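# Structural features, examined
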Amino acid sequence: MRKSIQAVRGMHDLLPEEARLLRHVEETAREVLEGYGYEEIRLPVVERTELFRRTLGEATDIVEKEMYTFDDHGESLSLRPEGTAGCVRAAIEHGLCFRQVRRLWYRGPMFRHERPQKGRYRQFHQVGAEAFGLAGPELDAELILLTVRLWRRLGLDPERDLELQLNTLGTPEERAAYRERLVAYLERRREELDPDSLRRLRTNPLRILDSKHPAMRPVIEAAPRLLDHLGEASRERFRRLCALLDLAGVPHRVAPCLVRGLDYYTHTVFEWVTHRLGAQGTVCAGGRYDGLVGQLGGHETPAAGFALGLERVAALLQELGRVPEAAVPHAFLVMAGEAALEAGLAWGERLREACPWLRLVQGGEGSLRAQLRRADRSGARYALILGEEEAARGTVSLKPLREELPQRSWERDLVLERLAREGEGAWEALAAGAPGAGA
Ligand code: ATP
Ligand code: MG
């Protein structure tokens, strides 16, 4: 026997049940986003490495160690680790954010070379939203309210199942000044820093606030707070956002150590975190990035956005049992014998033509008994049976598979007509032997 080939580590297959759940999250997000005027944009999976370097920052986890980068005839390309960079690139390239308000959303796989574990994969999926051209905290509030609506539509309680963590990073100048104070403080407590934090002290000191290392906790707790070092305008802006959220009844917790991993954020940053998924508890993250469009060569344009990790939202729904039911087939077409097969295949196609909503699974192979067993396993509610007799007479037998009801024989044309006219409700009427309205 030949050795079988397995999937690459961290790149998992989404089996039908998981695919269904992910699609449910994605489709619900699409509905909510479209309801707020966001338009879908489809972006390439591969971009120039330079784009991510310039956008995310050299000293970020993603650019330092998580990118799938390869050489393409002398040009360095990367699989996208996130969607904002490509979305902003496309918006600038096609003039989508030039002197106008534009709301966009995207979906698709992202790639990061990190250590795979529950809720952390090397290929995962996001739905993201980006809005351009609005500078006020009203937009930040809109993005958050939109996510609240998404949680509700998915059957999640934004208060009990999740927590909204909120912080502000102020302007780049304020952040730079704070950075110096923070470094000075951390230098004084240098002996207490773990190796990772020591490294970040030079490259990306704000990220130290985000450290999960238990030994770092007292150091972080006593650190100067960014919020206390912002100018009045930035503080007022943040108060206004909090007030808007209060008005809308959205509970939130100000998290002074929430800095997010990426360099491009300004002012608002937020994360939706659940305690039900262990360490990988952040299901959605976002914030404002007013400098990014300019940094990538576009006209200075205020912007904000967020991204959801679909696998994590799906895992949360699974954990809470909020999983939508699978769409079972309406019927399974059993065909035994050559004549039945010929008549049945043609009739099945006419049925599908007349009823676009129909979910009809084709049988035809094996004995009548074997096909009925398969019909049962398919989850279908009814078997439509064509044997020799039905084939010759122009009839079909309807056998309810989930109820104790007798099998009934109907004219095939009549069944087609009633399903086409009465829709899904015709099944029960036919199974009960009820004559149609026109009969
Ligand atoms: P984390 O702190 O968990 O590494 P992050 O800050 O790197 O997350 P973002 O870049 O903000 O993540 O991505 C947005 C969302 O995408 C995250 O909140 C998470 O839900 C999801 N996500 C990020 N990385 C992964 C991954 N490797 N596998 C699955 N989902 C992920
Ligand atoms: Mg990460």
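This text gives an overview of the structure that appears in the document. (Residues numbered from 1 in each chain as written. Chains lettered and ligands numbered in written order. Predicted model: local features only at pLDDT ≥ 70, side-chain atom pairs only at ≥ 80, totals over all residues. Heavy atoms only, no water.)

## Some words on the packing of aromatic side chains
According to the stated counting rule, one finds four aromatic pairs in the structure shown. Ring geometry for tryptophan 151 against tryptophan 272: centres 5.8 Å apart, planes inclined by 75 degrees, an arrangement best described as edge-to-face. Here the residue tryptophan 151 occupies a position in helix H5 (residues 137-153), and tryptophan 272 occupies one in strand E9 (residues 266-273), the gap between them amounting to 121 residues. Under the relative-accessibility criterion, tryptophan 151 is labelled buried at 0%. Taken together, a centroid distance of 5.3 Å and an interplanar angle of 10 degrees make the contact between tyrosine 382 and tryptophan 427 stacked. Here tyrosine 382 is found in strand E14 (residues 382-386), whereas its partner tryptophan 427 is found in helix H16 (residues 426-432), with 45 residues between them in sequence. (Phe/Tyr/Trp six-rings, centres within 6.5 Å; stacked < 30°, edge-to-face > 60°. Helix = DSSP H or I, 4+ residues; strand = E, 2+ residues; numbered from the N terminus. Buried < 20%, exposed > 50% of the residue type's maximum accessible area, 1.4 Å probe, protein only.)

## With respect to the sheet that holds strand E12 (residues 331-335)
Taken in spatial order, the five strands of this open sheet run E13-E12-E14-E15-E16, and their pairing is mixed. The sheet terminates laterally at strand E13 (360-362) and strand E16 (408-411), the two strands that pair on one side only. With strand direction ignored, the average angle separating the axes of adjacent strands in the sheet is 30 degrees. Contacting E12, E14 and strand E15 (395-400), helix H13 (residues 368-377) runs over the sheet at an angle of about 170 degrees to E12. (Pairing = 2+ DSSP bridges. Axes fitted to C-alpha atoms, helices over the stretch in contact; angles between N-to-C directions. Contact = heavy atoms within 4.5 Å.)

## With respect to the sheet that holds strand E4 (residues 75-79)
Read from one edge to the other, the open sheet built from three strands follows the order E2-E4-E3, with strand pairing classed as antiparallel. The sheet is open, and its two borders are formed by strand E2 (46-48) and strand E3 (69-72), each paired with just one other strand. Pairs of neighbouring strands in the sheet enclose a mean axial angle of 40 degrees, with direction left out of account. Of the strand pairs in this sheet, E3 and E4 are connected by four bridges, and their pairing is antiparallel.

## Some thoughts on the side chain of glutamine 371
With respect to the helices, strands and loops of the structure, glutamine 371 is situated in helix H13. Here glutamine 371 falls in the buried class, since its relative accessible area comes to 0%. A polar atom in the side chain of glutamine 371 sits 2.8 Å from the backbone nitrogen of glycine 364. With residues near it in sequence (within four places) discarded, glutamine 371 still touches Phe332, Leu333, Val334, Met335, Ala336, Gly363, Gly364, Glu365 and Gly366. (Polar contact = N/O pair within 3.5 Å; in protein donor to acceptor, adjacent residues only side chain to side chain.)

## Here we look at the environment of glycine 128
You can see glycine 128 is positioned in strand E6 (residues 123-132). Glycine 128 sits in the buried class, given a relative accessible area of 0%. Taking the C-alpha atoms as reference points, glycine 128 and arginine 107, separated by 21 residues in sequence, lie 6.2 Å from one another.

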